[in-house]
Amino acid sequence: MFSFQTIFDNLPVLIGAARYTLLISVLGCAQGLLVGAVVCAGALSRRVWLRRAAALYVSFFRGVPLLIQLLVAFYLLPVIGINVPALVAAVLTVGLCAAAYLSEVLRGALNAIPRGQAEAAAAIGMAPRDLWLRILLPQALKIGLPAIINELILLVKASSLVTVVGIVEITRMSQSIASATYRPLEIYLAAAFLYLAINLVIAQAGRLLERRLAY
Amino acid sequence: MPDLLHRYGPDLLTGFGMTLFTWALGTLLGFALGFAIELLRRFGPKRLAWPIRAYVEFIRGTPFLVQLFVLYYGGPLIGLRLDALPAGVLGLTIYGSAYFTEILRAGFDAVPKGQIEAARAMGFTDGVIVRRIMVPVMMVSALPALVNFAIILTKETVILSMITVPEIMFQTQTMMSETFAFVEPILILALFFWGFVEVISRLGRRLERRFTHYLLERS
Amino acid sequence: MTFQTSLKSALFGLSALTLAATGALADQLADIKAAGKIVAATEMHYAPFDMLENGEYVGFDRDLFDEIAKELGVTPEYQDLPWTSILPGLEVKKFDFVLAPVTMTAERAERYAFTLPISDATVAFVQRKGGPLSTPEDAKGKTVGTQKGTAQEIQLQAFSDKIGGITIKGYGTPDEAYADLMTGRLDAVAGSAPLLNYLAKTRPADFAVVNPPFGKPTYFAFVARKGEGDTLIAAINEAIKKIEDDGRMKALQEKWFGAATELPQEMPQL
């Protein structure tokens, strides 16, 4: 009853679709880390309006489901004259959404750094920029690494939502094949192993990085 | 919109309730299982390390949609026949446990070793060290990530619609296909989740203040 | 929170207004002819109407629309979208036309313009090979799945009232209902006859259709924007009639459904 043949027959097409999963994940992750660090800095700023703006950002991008954000970006923004290609809309939206989650992870990690360090740095006259780039961020990245890896893995899987703007990645392709062959179990398992392969690479890279950063 | 709300109001309310219920149960059980797994990894026999890692990587590495599909539609092939709701909650629990375990691992790793050594030197038992030192300190760094993941789980609950659990996505999809209205269902989903997540993150902030209270007082 | 909320509703309200304002004026057929192409979107998940084979779009709809586009004198372009984004995409003109087979109902016709019927959509049952139903009436007391929110679900409900009780379970897509039929949680699945026939033809060892169909006659049609799309719909309807009259429709029906059926050449009473 279980048909391995179906899996072998459709694997090449699934792997082709995986290119989109990878593309959106990699670009979305890079954007998410960058924007996330900025939002996190805003959340910890002394200026009230920056803190408010960061809180609003996190509230919106974490609160409204990514699926809906994508629908809004692609189908409602054209109404007010903003019309971007599907792939651009997908990457930007996924990245902005990931940034909200990543900024929170970074904030948690910064909380775990003993306050004495910042005080000591201030006492020896270190500039705030150096304090951030040399002391706080490297440690935050280290402490937050497993949680960041968690988020990245979630990002790879969340990239399946970009199908709503018409991009055919792994999940969408597997649904289509399942529907034409009437063998969803086989195809979904095949898709699962593709995701697993991608995510194992991410997890392994995370562990190697963790070991390198350990002191 | 008023017509639609009148017609679908009761269904939508059921949907909200079902989403809240499955989320709360899935998150609590997932956290409990994740915590247990992390304790087992940290204090249990060494030979468990590898199976635990395989479990975490497998569950984390594959989409919830696929896990749930296999559990519900594939389970009966090997004699595991669950109703939709138990299957949904079990699925969420398993999925959540893998992520929670990883977050807790990072949190415990961030606890300064000196504190644990000092406690051990003073003759505290493992149980006391975990409860009184490791958990409170771990929570400081792990709480935002835990809240993050609890929020992500709110959105994973919509996948339960695939196995016919009548949660909010199930209800709005029905509304959409019966009437062909789409702005209204999208708006309802956006507002519901935004409100829901806002409540969770406020609760998270409150918890966070509680755990970081002693840090803030110094500055 | 209140500010964010009002901003959002303003955005949605604005979109509804703009859509309403631009809807009535334009002549879509002229635009399409000027561009030389028509972009049609469908969910390529609906065998034998729309499906992907080795990554390529095939099916009854594809073949039929290739012919329609030929009649219109334009090149067709096909887009695969999940159903969630097909109606929003149609509204903001990401494409010209919905090629998904949509069951014609009065409520849906209020929001969108339908073409002439392109296929029979009458409801039947499918069961596991050797299952418990020999006539549709045997469904009494059984558990039957169907795609929720569909016209087929409403007919199944009516049939259940008539024969005295069927336990109905709603699914997001027919695929999940078929999967649950295989697990044994369902005794049968109700759906449109052309879909079920294709399912039974593709997996004859697992599935069998219960004949005859039990619902009242209903039809699938394609969908365009109201107002602006009227000229387009009129031209497509002419093309459909021509394709039916010269025998091409019959050939397509035999190719994809295994048998030919007559379709009404005017709008059915909804």
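Definitions and limits used
- Residues numbered from 1 in each chain as written.
- Chains lettered and ligands numbered in written order.
- Predicted model: local features only at pLDDT ≥ 70, side-chain atom pairs only at ≥ 80, totals over all residues.
- Helix = DSSP H or I, 4+ residues; strand = E, 2+ residues; numbered from the N terminus.
- Rg over C-alpha atoms; globule rule 2.2 N^0.38 Å.
- Buried ≥ 20, exposed ≤ 12 C-beta atoms within 10 Å, placed from the backbone.
- Contact = placed C-beta atoms within 7 Å.
- Core = buried A, V, L, I, M, F, W, Y, C linked by C-beta atoms within 7 Å.
- UniProt positions renumbered as here; feature names shortened; annotations may be inferred.
- Nonpolar A, V, L, I, M, F, W, Y, C, P; charged D, E, K, R; others polar.
- Domains from an automatic or database assignment.
- Expected span 1.5 Å × (residues − 1).
- Arc of directions from axis to C-beta.

What follows is about the overall build of chain C. Each helix and strand in chain C was counted, giving ten helices and 14 strands. For a compact globule of 270 residues, the expected C-alpha radius of gyration is about 18 Å, and chain C comes in at 20 Å, within 12% of that figure. Across its three principal axes, chain C shows a C-alpha extent of roughly 60 × 55 × 40 Å. Expressed as a percentage of its 270 residues, the buried residues of chain C come to 47%. A sequence separation of at least 24 residues applies to 75% of the contacts in chain C between residues at least 6 apart.

Okay, the overall build of chain B next. Counting secondary structure elements, chain B contains eight helices and zero strands. Overall, chain B shows an N-to-C arrangement of helices and strands of α-α-α-α-α-α-α-α. In terms of principal-axis extent, the alpha carbons of chain B reach across some 70 × 50 × 20 Å. Counting over 219 residues, chain B shows a buried share of 47%.

Okay, the nonpolar core next. Among the nonpolar cores identified, the biggest contains 210 residues, and A:Leu70, A:Ala191, B:Ile103, C:Val98 and C:Val189 are the most heavily contacted of them. In terms of residue count, helix α4 (residues 86-111) of chain A provides more of this core than any other element does, 15 residues in total. Those residues within four positions of A:Leu70 in sequence are excluded, and the remaining contacts are A:Ala90, A:Thr93, A:Leu161, A:Val162, A:Val164 and A:Val165.

Looking now at the UniProt feature "domain: Ionotropic glutamate receptor C-terminal" (unreviewed entry) in chain C. Within the UniProt annotation, "domain: Ionotropic glutamate receptor C-terminal" (unreviewed entry) is assigned to residues 37-259 of chain C. What you have in residues 37-259 of chain C is 39% helix and 28% strand, and the ends, taken at the C-alpha atoms, are 32 Å apart.

If you look at the interface, chain B gives 17 residues, while chain C gives 23 residues. Among the elements of the structure, α7 (168-179) and α8 (183-216) of chain B are those that each provide at least two residues to the side of chain B that touches chain C. When grouped by side-chain class, the residues that make up the side of chain B that touches chain C number nine nonpolar, six polar and two charged.

All names here are of chain B. For Ile188, the location among the structural elements is in helix α8. A C-alpha to C-alpha distance of 9.1 Å links Ile188 and Leu12, two positions 176 residues apart in sequence. Each residue touching Ile188, except ones within four places of it in the same chain, is listed here: Leu12 and Thr172.

Attention shifts here to the domain arrangement of chain C. Residue and element names in this part refer to chain C. Structurally, chain C comprises domain 1 (11-120 + 220-257) and domain 2 (123-210). Here the C-alpha centre of domain 2 lies 28 Å away from the C-alpha centre of domain 1. Taken together, the contacts link eight residues of domain 1 with eight residues of domain 2. Across the side of domain 1 that touches domain 2, the residue classes break down as three nonpolar, four polar and one charged.

We now examine helix α2 (residues 49-61) of chain B. End to end, α2(B) covers 18 Å across 13 residues, agreeing with the expected 18 Å (1.5 Å per residue, within 8%). Among the residues of α2(B), those classed as buried are B:Val56, B:Arg60 and B:Gly61. Down the axis, α2(B) shows its buried residues gathered within 110° of arc, on one side only. With respect to the buried face of α2(B), the exposed residues turned more than 90 degrees away are B:Pro51 and B:Ala54. On the buried face of α2(B), the contacting elements are α6 (128-158) and α8 (184-213) of chain A together with α4 (84-109) of chain B.

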